[in-house]
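The lines below spell out each chain.
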Amino acid sequence: MSTALYAQVKIGLTLSTTGPAASLGIPEQNTAALLPKEIGGQKVQYIILNDASDTSVAVKNTHKLISEDNVDAIIGSTITTNSLAMVNIVGQAGTPMISVAASKHIVSPMDANRHWVYKTVQNDSLLTSTALKHMADNGVKTVGYIGFADGYGDSWLEELNKNAPTYGIKIVANERYGRNDSSVTGNVLKAMTAKPDAIFIGASGTPAALPQKTLIERGYKGKIYQTQGAANQDFLRVCGKDCEGTFIAVGPVLVASQLPDTHPAKKVALDYIKHYEDKYGKGSVSPFGAHVWDAGRLLERAIPIAVKKAKPGTKEFRAALRDALESTKDLDVANGVMNMTPEDHAGFDARAVAMIRIENGKWILAATK
C-alpha cells in the first residue's frame, strides 16, 4: 500500500500490516492516516509500505524509502526483528528513524548508527521491571518463560534474567516457539513441570494467545503475564475467556479514561482515542496505533526546529531533524512523557507504564501496592 500527496517534507513508514504482527500493524497504519498533513508551515507527505512482518521486506522497504523516495525520516517497523535490521541502514544513510517496536536494543547501546534511531515504545526493560514488581508484590517467587524464538523473545528473556533477582524471583523454565507455530503443547507441558508461580509469555499479536490458551487447557492455575505486544482487541478475540485474569505492563493509553486527571498522558491519550474512534469506531483503539501517534507528536515538535536550519529533502535537513528529535524535553504523548538525551533515545520513565488486568474481556487498571 502507498499513499501520497504533494509535499515538502517526506515521511516514510514501513509497518507490518499483514503476517503474524498484522494486529499490531493495522492500527498503526490506521493512525498514520490521522497524522497532520502540514507541520510548521510545511506540507507533509506520508509514504506507507507494508513489510508483511518479514525482516527481509522491512530491509527492502527501508532501502526504497531512502534511495528512491528520498524521505526525511522513517517511522517503523512494527516489530523488534524488523526494526533491528533497519538500524544500520538508516544510520549509514543519515536518515532519522522512529521505531514503534519494543526492544531496548533498537536504541541501546548507543553507537554511530543508533545515533539516528529513536523509539516511541517503552523499553522492554522498563516494562519488565514493572511486571516483576507486581509479581513480587503478589507473592510470586518462581516464573516460567514461554516466548518467541526470535529477537523479541530473546529481549524479554534477557530482561527477566537480569532483573528477576532484584525482586527475589527465580526463572525456572525457558521455552521458545515460532510466530507461525500451530501448537505449543510440548513447550507448555515442560514449563508446567517446573511448577512456576507465574508464567510470563514473551510474544506479541494473536500468536501470543496460543500458549495462554494451551496453559488454561492443560489446567495451569498460576498467574499469567503477557507483554504489551498482546494488548490489542484481536488478542482478546482469539484468546477469549482464557485471557481472564491476565496481567500486562503496558502504556497508559490503553486505560486512559481510568487514569487520574493529574496523569500527564491522559489528555493526549484521550485526544488520540477520540480521533481514532471517530474514524474507525468505538472500542477500536489499541496502544500500537498510539506509538505512531506519538511518533507524529515527536515530528510535530522537531520539524519546525529543523526547517529553520535546512531545506527538506537534504542531508542537512535530516541531520537537523535528528538533532531536534534528540532535544525533545517534557513532551506529553499518549503513552507518557518523553525526555530524550544523547544516551537515551526512548526517553520514557515510570509515567509511561500502567499495570492492567483483563477482566470480562476488558482492560482494567490493576491495583498496585
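This is a predicted model, so every value here is computed, not measured.

Caption draft 1: Seen up close, the sheet that holds strand β4 (residues 73–76). Ordered in space as β2-β3-β1-β4-β5-β6, the 6 strands form an open sheet in which the pairing is mixed. Single-partner strands in this sheet number two, and they are β2 (38–39) and β6 (117–119). Strand direction decides the pairing type here: β4 and strand β5 (residues 97–99), joined by 2 bridges, are parallel. When the bridges of β5 are listed, Ile75 appears paired with Ile98. Here helix α11 (residues 315–326) sits on the sheet and contacts β1 (9–15), β4, β5 and β6; the angle it forms with β6, its principal contact strand, is near 40°.

Caption draft 2: Structural view of the packing of aromatic side chains. Counted under the stated rule, the structure contains 9 aromatic pairs. Considering the side-chain rings of Trp156 and Phe200, the 5.9 Å spacing of their centres and the 40° angle between planes classify their relative orientation as tilted. With Trp156 in helix α5 (residues 151–163) and Phe200 in strand β9 (residues 198–202), this pair connects stretches of sequence that are 44 residues apart. Under the relative-accessibility criterion, Trp156 is labelled buried at 2%. Relative accessible area serves as the criterion here: at 2%, Phe200 is assigned to the buried category. An aromatic cluster is defined as three or more aromatic residues linked by ring pairs; in this entry it consists of Tyr145, Phe148, Tyr152, Trp156, Tyr177 and Phe200.

Caption draft 3: Up close: the pairing of strand β11 (residues 247–250). Every second residue of β11 is oriented toward a common face, with Phe247 and Ala249 on one face and Ile248 and Val250 on the other, all of them buried. Sheet topology note: the strand β10 (residues 223–226)/β11 ladder contains 2 bridges and is parallel. Bridging from a neighbouring strand, Gln226 pairs with Ile248 of β11. The parallel pair β10 and β11 is bridged by helix α8 (residues 233–239), and the resulting crossover is right-handed. Strand direction decides the pairing type here: β11 and strand β14 (residues 354–359), joined by 4 bridges, are antiparallel. Each bridged residue has a counterpart across the sheet, and for Ala249 the counterpart in β14 is Met355.

Calculation rules
- Residues numbered from 1 in each chain as written.
- Predicted model: local features only at pLDDT ≥ 70, side-chain atom pairs only at ≥ 80, totals over all residues.
- Heavy atoms only, no water.
- Pairing = 2+ DSSP bridges.
- Helix = DSSP H or I, 4+ residues; strand = E, 2+ residues; numbered from the N terminus.
- Contact = heavy atoms within 4.5 Å.
- Axes fitted to C-alpha atoms, helices over the stretch in contact; angles between N-to-C directions.
- Phe/Tyr/Trp six-rings, centres within 6.5 Å; stacked < 30°, edge-to-face > 60°.
- Buried < 20%, exposed > 50% of the residue type's maximum accessible area, 1.4 Å probe, protein only.
- Right-handed = clockwise from strand over helix to strand, strands pointing away.

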